[in-house]
Amino acid sequence: MDIQHIETLIIGAGQAGLVTGYHLKRRGREFLVVDGNDRIGDNWRQQWDSLRLFTPARYDGLPGLPFPGPAWRCPAKDEVADYLESYALHLDLPVRTSTRVQRLEARPGGYLATLDDAAISCDNVVVATGSFGRTPRTPTLAALLDPAIRQMHSSEYRRPAQLPDGPVLVVGASHSGLDIAYELAASRPTILSGPARGVIPVRPESPLARGFMPIMVFMFRHVLTRRTPMGRKEMQEVRFHGGPAFRVRESDLARRGVERHQAKVTGLSDGRPLLDDGTVADVAAVVWCTGFRQAFDWIDLPVIGEHGWPEEYRGVVDAAPGLFFCGLSFQYAFSSMVFPGVSRDADYVARRIVARQQAGRRTAAPQAI
């Protein structure tokens, strides 16, 4: 097996991985970004068609390249994908696509990443594979629904035409659930179940946002952090239950005729979803907007906690010197999972990598278990 050595391997070519590369490059460090997709930005291209960012373009640029387009317009998901691809090209970042890491393990002085038909040894690794993970989470009762009911997770949903005619149940009232229920309600009876997560008071593209957005970004970057009691409480809510409503509100759903239930789906009645308020959803389809779970089973190191999240602070894993994460939800603050906050986290990780290299990597990586 061919083994290439690189000082720092970055796994994932989304915004977190690319901006980590930017900060390493400007410090003159050697690195390589690998990604399993065919093109940079494919994780965004694979989202539902109507998805847009919640922040205007003026806040979405990464260092080294402003986000194109009107400053106060929220970019569509394909625009984000194309921007990330342009970012890597513009800054000449070394990215290898169609390259999936199958296993990461410790070796003396560093780490070994096993690919399909090769391997990469490295002094440092940055895992930048997504804010919430990419493995869909669905309840076990989904397997017991009537087979005539079409089911899909939000990760599979692209547009209403994928679903059969007739009523649809959307399960989960965080961002994806609100957006998808609102879109579906334009063409069919729609039920949305799940407790609300609160509301950010100003819509991202409203005239009021121009005054409110700087305050909101400041709050997300400097107040709701892992250093504050308010931030630590919000971290638990966001990581395990999703974020508050921003673009689509309860009033929007009501105007479009969505049947709204705060109740959760907890059982079945003759093969149909049963909500814990006693409602039986007689529907033709169910869209599970129930989030994702972190799946780091490919990391052969004792660094993952009981809830599936890595045991880190600001992306630094004390138990595994040289192993870092970037782009995690609440890596440091609420802003960590959105464009206005990811560069600060990446810069912190890059500085720690540089410090480790300058110290001569005196602390060895842990041995694999």
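In this report, the structure presented in the accompanying data block is examined. Keep in mind that what you see is a predicted model, and the values were worked out from it rather than measured. (Residues numbered from 1 in each chain as written. Predicted model: local features only at pLDDT ≥ 70, side-chain atom pairs only at ≥ 80, totals over all residues. Heavy atoms only, no water.)

**Here's the deal with helix H3 (residues 77-90)**
No. 1: For H3, spanning 14 residues, the distance from its first C-alpha to its last is 20 Å, which sits close to the expected 20 Å at 1.5 Å a residue.
No. 2: Among all positions of H3, only Lys77, Val80, Ala81, Tyr83, Leu84, Glu85, Tyr87 and Ala88 are buried.
No. 3: Packed against the buried residues of H3 are helix H1 (15-25), helix H2 (42-45), strand E3 (95-96) and helix H8 (339-358).
No. 4: Following H3 by one or two positions, Asp92 has its phi on the positive side, about 55°. (Helix = DSSP H or I, 4+ residues; strand = E, 2+ residues; numbered from the N terminus. Expected span 1.5 Å × (residues − 1). Buried < 20%, exposed > 50% of the residue type's maximum accessible area, 1.4 Å probe, protein only. Contact = heavy atoms within 4.5 Å.)

**Comments concerning the packing of H1 against H8**
No. 1: Running from N to C, H1 and H8 cross one another at 45°; their axes reach a closest spacing of 8 Å. The orientation of H1 relative to H8 falls into the category oblique. H8 is crossed by H1, and the crossing has right-handed handedness. Within the contact between the two elements, H1 uses Gln15, Ala16, Val19, Thr20, His23 and Leu24 and H8 uses Phe339, Val342, Ser343, Ala346, Asp347, Ala350 and Ile353.
No. 2: Class assignment of the residues belonging to the contact of H1 with H8 gives a composition of eight nonpolar, four polar and one charged. (Axes fitted to C-alpha atoms, helices over the stretch in contact; angles between N-to-C directions. Parallel < 35°, antiparallel > 145°, perpendicular 65-115°, else oblique. Left-handed = near helix turned anticlockwise from the far one by under 90°. Nonpolar A, V, L, I, M, F, W, Y, C, P; charged D, E, K, R; others polar.)

**Describing the nonpolar core**
No. 1: Counting 57 residues, the largest nonpolar core has Leu84, Tyr87 and Val287 as its most contacted members.
No. 2: Where this core is concerned, the elements lending two or more residues are H1, strand E2 (31-34), H3, strand E9 (168-171), helix H4 (175-184), strand E14 (285-288) and H8.
No. 3: Ranked by residue count, the leading element in this core is H8, at seven residues.
No. 4: Val287 has contacts with Met152, Ser154, Leu163, Val168, Leu169, Val170, Val171, Ile180 and Leu184, leaving out every residue within four places of it along the chain.
No. 5: Counting 27 residues, the second largest nonpolar core, distinct from the first, contains Ala113, Ile120, Ile299 and Trp309. (Core = buried A, V, L, I, M, F, W, Y, C linked by side-chain atoms within 4.5 Å.)

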